[in-house]
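# Working through the structure, step by step
Each chain is listed here by its residues.
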There are 2 protein chains.
Amino acid sequence: MEADSLTSTKKYAADISSIREAQLRINLYAHKTPVLSSETLNSFCGRKLYFKCECFQKGGAFKFRGACNAILSLDDSQAAKGVVTHSSGNHAAALSLAAKIRGIPAYVVVPKNAPKCKVENVRRYGGQIIWSEAAIESREETATKVLQETGAVMIHPYNDGRIISGQGTISLELLEQVLEIDTIIVPVSGGGLISGVAIAAKSLKPSIRILAAEPKGADDAAQSKAAGEIVKLPETKTIADGLRAFLGEFTWPVVRDLVDDIIVVEDSEIVEAMRHCYEILKVAVEPSGAIGLAAVLSDSFRNNPAWKDSEHIGIIVSGGNLDLGILWDSLCKAEL
Amino acid sequence: MEADSLTSTKKYAADISSIREAQLRINLYAHKTPVLSSETLNSFCGRKLYFKCECFQKGGAFKFRGACNAILSLDDSQAAKGVVTHSSGNHAAALSLAAKIRGIPAYVVVPKNAPKCKVENVRRYGGQIIWSEAAIESREETATKVLQETGAVMIHPYNDGRIISGQGTISLELLEQVLEIDTIIVPVSGGGLISGVAIAAKSLKPSIRILAAEPKGADDAAQSKAAGEIVKLPETKTIADGLRAFLGEFTWPVVRDLVDDIIVVEDSEIVEAMRHCYEILKVAVEPSGAIGLAAVLSDSFRNNPAWKDSEHIGIIVSGGNLDLGILWDSLCKAEL
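Quantities reported herein were computed from a predicted structural model and do not represent experimental measurements. (Residues numbered from 1 in each chain as written. Chains lettered and ligands numbered in written order. Predicted model: local features only at pLDDT ≥ 70, side-chain atom pairs only at ≥ 80, totals over all residues. Heavy atoms only, no water.)

## What to know about helix H6 (residues 90-102) of chain B
Residues and elements named next belong to chain B. Compared with an ideal rise of 1.5 Å per residue, which puts 13 residues at 18 Å, H6 spans 18 Å between its outermost C-alpha atoms and is within 8% of the ideal. Most of H6 sits out of view: 10 of its 13 residues are buried. Trailing H6 by a residue or two, Gly-103 shows a phi angle of about 80°, which is positive. (Helix = DSSP H or I, 4+ residues; strand = E, 2+ residues; numbered from the N terminus. Expected span 1.5 Å × (residues − 1). Buried < 20%, exposed > 50% of the residue type's maximum accessible area, 1.4 Å probe, protein only.)

## Digging into the sheet that holds strand S3 (residues 83-86) of chain B
Residues and elements named next belong to chain B. The sheet built from four strands is open, its strands ordered S5-S4-S3-S6 with parallel pairing. Since the sheet does not close on itself, it has two edges, and those belong to strand S5 (128-132) and strand S6 (153-154), each with one partner. Relative to S6, S3 runs parallel, the two being bridged by two bridges. In the strand pairing of S6, Val-84 is matched with Met-154. In the packing of H6 onto the sheet, contacts are made with S3 and strand S4 (106-111), and the angle to S3 comes to roughly 170°. On the sheet, helix H8 (residues 136-150) packs against S3, S4, S5 and S6 and is oriented at approximately 170° with respect to S3. (Pairing = 2+ DSSP bridges. Contact = heavy atoms within 4.5 Å. Axes fitted to C-alpha atoms, helices over the stretch in contact; angles between N-to-C directions.)

## Observations concerning unusual backbone geometry
A positive phi angle is found at A:Lys282, which is not glycine, with a value near 65°. Inspection of the secondary structure puts A:Lys282 in the loop between helix H13 (267-281) and helix H14 (287-297).

## Considerations on the relation of the copies chain B and chain A
In the superposition of chain B on chain A (RMSD 0.0 Å, axial shift 0.0 Å), the rotation amounts to 180°. Look at the turn and shift together and you get a two-fold axis relating the two. In terms of C-alpha distance to the rotation axis, chain B has B:Val283 as its closest residue, with the C-alpha 2.3 Å off the axis. (Least-squares fit on C-alpha atoms with pLDDT ≥ 70 in both.)

## Focus: the pattern of salt bridges
Applying the stated rule across the entire model yields 30 salt bridges over all chains. Note that A:Arg275 is salt-bridged to A:Glu272, the shortest N-O span being 3.7 Å. Of this pair, A:Arg275 and A:Glu272 are both found in helix H13, three residues apart, which corresponds to roughly one turn of the helix. Residue classification places A:Arg275 among the buried residues on the basis of a relative accessible area of 15%. With a closest N to O distance of 3.0 Å, B:Arg209 and B:Asp309 form a salt bridge. Highlighted residues: B:Arg209 in strand S8 (residues 209-215) and B:Asp309 in the loop between helix H15 (299-302) and strand S10 (312-317), separated in sequence by 100 residues. According to the relative accessible area criterion, B:Arg209 is buried, its value standing at 18%. Several salt bridges share partner residues, and in doing so they unite A:Lys52, A:Glu54, A:Arg65 and A:Glu173 into one network. (Salt bridge = Lys/Arg side-chain N within 4 Å of Asp/Glu carboxyl O.)

## Quick notes on the packing of aromatic side chains
For the structure shown, the criterion picks out one aromatic pair over all chains. Measuring from centroid to centroid gives 5.8 Å for A:Phe56 and B:Phe56, while their planes differ by 40°, and the two rings are tilted. Separated into two different chains, A:Phe56 in the loop between strand S2 (48-53) and helix H4 (63-73) and B:Phe56 in the loop between strand S2 (48-53) and helix H4 (63-73) make up a pair that spans both. (Phe/Tyr/Trp six-rings, centres within 6.5 Å; stacked < 30°, edge-to-face > 60°.)

## Some points on the domain arrangement of chain A
Residues and elements named next belong to chain A. Annotation of chain A at the domain level lists domain 1 (2-61 + 160-335) and domain 2 (63-154). Of note, the centres of domain 1 and domain 2, computed from C-alpha atoms alone, are 23 Å apart. The interface of domain 1 with domain 2 comprises 28 residues on the first partner and 24 residues on the second. At the boundary of domain 1 with domain 2, total buried surface from both sides reaches about 2,200 Å², with 56% on carbon and sulfur atoms. Among the residues domain 1 hides against domain 2, the three largest losses belong to Arg-25, Tyr-29 and Arg-162. Together they make up 26% of the total. Summed over the shared surface of domain 1 and domain 2, the result is four salt bridges. Between Glu-54 and Arg-65 there is a salt bridge, and its shortest N-O distance comes to 2.6 Å. Elements that contribute at least two residues to the side of domain 1 that touches domain 2 include exactly helix H2 (16-26) and helix H9 (161-177). The leading source of residues in the side of domain 1 that touches domain 2 is H9, at eight residues. (Domains from an automatic or database assignment. Buried area = accessible area lost by both parts, 1.4 Å probe.)

## Structural notes on the interface of chain B and chain A
Each partner contributes residues to the interface: chain B has 26 residues there, and chain A has 26 residues. Seen at the junction of chain B and chain A, the total is two salt bridges. Between B:Glu39 and A:Lys58 there is a salt bridge whose closest N-O contact spans 3.3 Å. Inspection of the chain B/chain A interface yields eight residue pairs in polar contact (both at pLDDT 80 or more). Elements supplying a minimum of two residues to the side of chain B that touches chain A: helix H3 (39-45), helix H13 (267-281) and helix H16 (324-335) of chain B. For the side of chain B that touches chain A, the element with the most residues is H16(B), which contributes five residues. Taken together, the residues of the side of chain B that touches chain A break down into 15 nonpolar, seven polar and four charged. (Polar contact = N/O pair within 3.5 Å; in protein donor to acceptor, adjacent residues only side chain to side chain. Nonpolar A, V, L, I, M, F, W, Y, C, P; charged D, E, K, R; others polar.)

## So, the packing of helix H2 (residues 16-26) of chain B against H4(B)
All names here are of chain B. At their nearest, the axes of H2 and H4 sit 9 Å apart, and the two run at 85° to each other. By the angle between their axes, H2 is roughly perpendicular relative to H4. Contacts between H2 and H4 involve Ala-22, Arg-25 and Ile-26 on the former and, on the latter, Arg-65, Cys-68, Asn-69, Leu-72 and Ser-73. Of the residues assigned to the contact of H2 with H4, the class counts are four nonpolar, two polar and two charged. (Parallel < 35°, antiparallel > 145°, perpendicular 65-115°, else oblique.)

## Here's the deal with H13(B)
Residue pairs spaced three or four apart in an α-helix point in one direction, given the helix's 3.6 residues per turn. Residue and element names in this part refer to chain B. Here H13 spans 20 Å end to end across 15 residues, near enough to the 21 Å set by a 1.5 Å rise per residue. Every buried residue of H13 is accounted for by Ile-270, Val-271, Ala-273, Met-274, Arg-275, His-276, Cys-277, Tyr-278, Ile-280 and Leu-281. Remark: Lys-282 follows H13 within two positions and exhibits a positive phi of approximately 65°.

If you want it as structure tokens, here you go:
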């Protein structure tokens, strides 16, 4: 079977079984998020779009699925000392919430440039914040230090089979909610979300097309696909604060094998998509969450004959944690 | 049966049968809107809140339900000359869209102070705009003139049994989506929405409590309940542009008999609720749509012993058509 050969157990850090197990594990705690559609947005691109609104997930982003699965997977002795992670905010908040549900401490290393609302979410859910510099190296070093001091378990934001399995539950829901879907567009950063979504979706429906959406200023996944190996960038520059991480050893093979292509968009296209989400879809979406719509509206997608037959497109709206002032400033700047 | 005595056919312009018929009529065209919940918002008020998100309805507001039912109820000869209405925007856009679906013209009288995004919706759906002054009298006069000139059918925004029946379909959905609901909080303006919601909900579940939410600067419904007759105000002043109309002859009896109480809130409470909707619920909500949350968070609701046993509260989020600049300005002003 094609499905087996594409996504067999040995190949990747997660498979359809681990994703189904994750669904059973998190079912009681995670929201089954709704799928929204808009004929106005459909008319903009001549396709049918189905927005899987993970901004309505607990903590305001898909990250709760993976974090909850990881924390509920720990045995009692592992869990007792708590969990550690580093994150620009959404994974941190999600891990804090999942740790709170299990009644264990969560130590989160947060870069100084993380959006205020995401940091507030961490606090709201009882996570203990340790600040680091913005660079990924500083985040990782600080996390390692905390790990040594507390004896807690490291839960990486994406490079972890339990995380990938949790995120994959999105596809189980989406393909049940909308049977016709032939293509899913997913933001790519560290690759945890797209790995889970791709493994589950291609297992259930081998013909499905998985496209990644990535900002121009942090297009390491597109460069990795082109180079045939993981490429890390010296710096990233994009409004999409959730899309600045690089692929890891567990997510790269999935992106390499199961992601059909990567659509790179400009920040200005992301801002325009955020405006459409607010004005037409009536949903508060952060830049990373709007990038799928930006991709589907971009010339590079619309004019590519390879995607002409993508008619029913699922778009993963990954999160909605955005300071309103930042949204407003972005829109005003875009009009200058 | 209590349900029959409360909502029998003879008493009101709509009943459970006309509401069920409306549901069959509009089913193919209207969205079944999702119900969202947030443990953070629940913790703010110590109750379980269920947000029925009519901002995700076609046209961005519940109004499409009534407009679609009214237009699909017309026989072919009536429909041929088109429809006329006056509206601050949401009903106008909804009627334009429903008319477009049926392939007939819609003439809409729009007051000069209507929000830009609502007027754009009318244009997007092909409605023909005729401007009037802001006062309700000017709106009605202009509509009558258009009516005479075109021979079209008048579809009043709320004082019409077909409209009330369409809006009532919200309760059919909500009580199926969340079985535990014991209270529904509904914005009140002209009363079409709350009449439909109350008739359907009290027919299905006679013990249910229906509370209206109304802005202090347009509290004609609260004054009407107190006086025992329709009170019209010389002027209204509120940020909630959708809640400036007065009860009509068909909606007043329902509000008088089936609405348990009216909670009056300040504009500042509405703005704070809009902020919560954006930041916590991740939903773009217009002031009229946020008033239910404002009511449930208000001291007058929380400290009233009569509502102590309202544990599972449905909140009708009536619409999401709000210029982002206006939301931002409101929030900035609120912080001064």
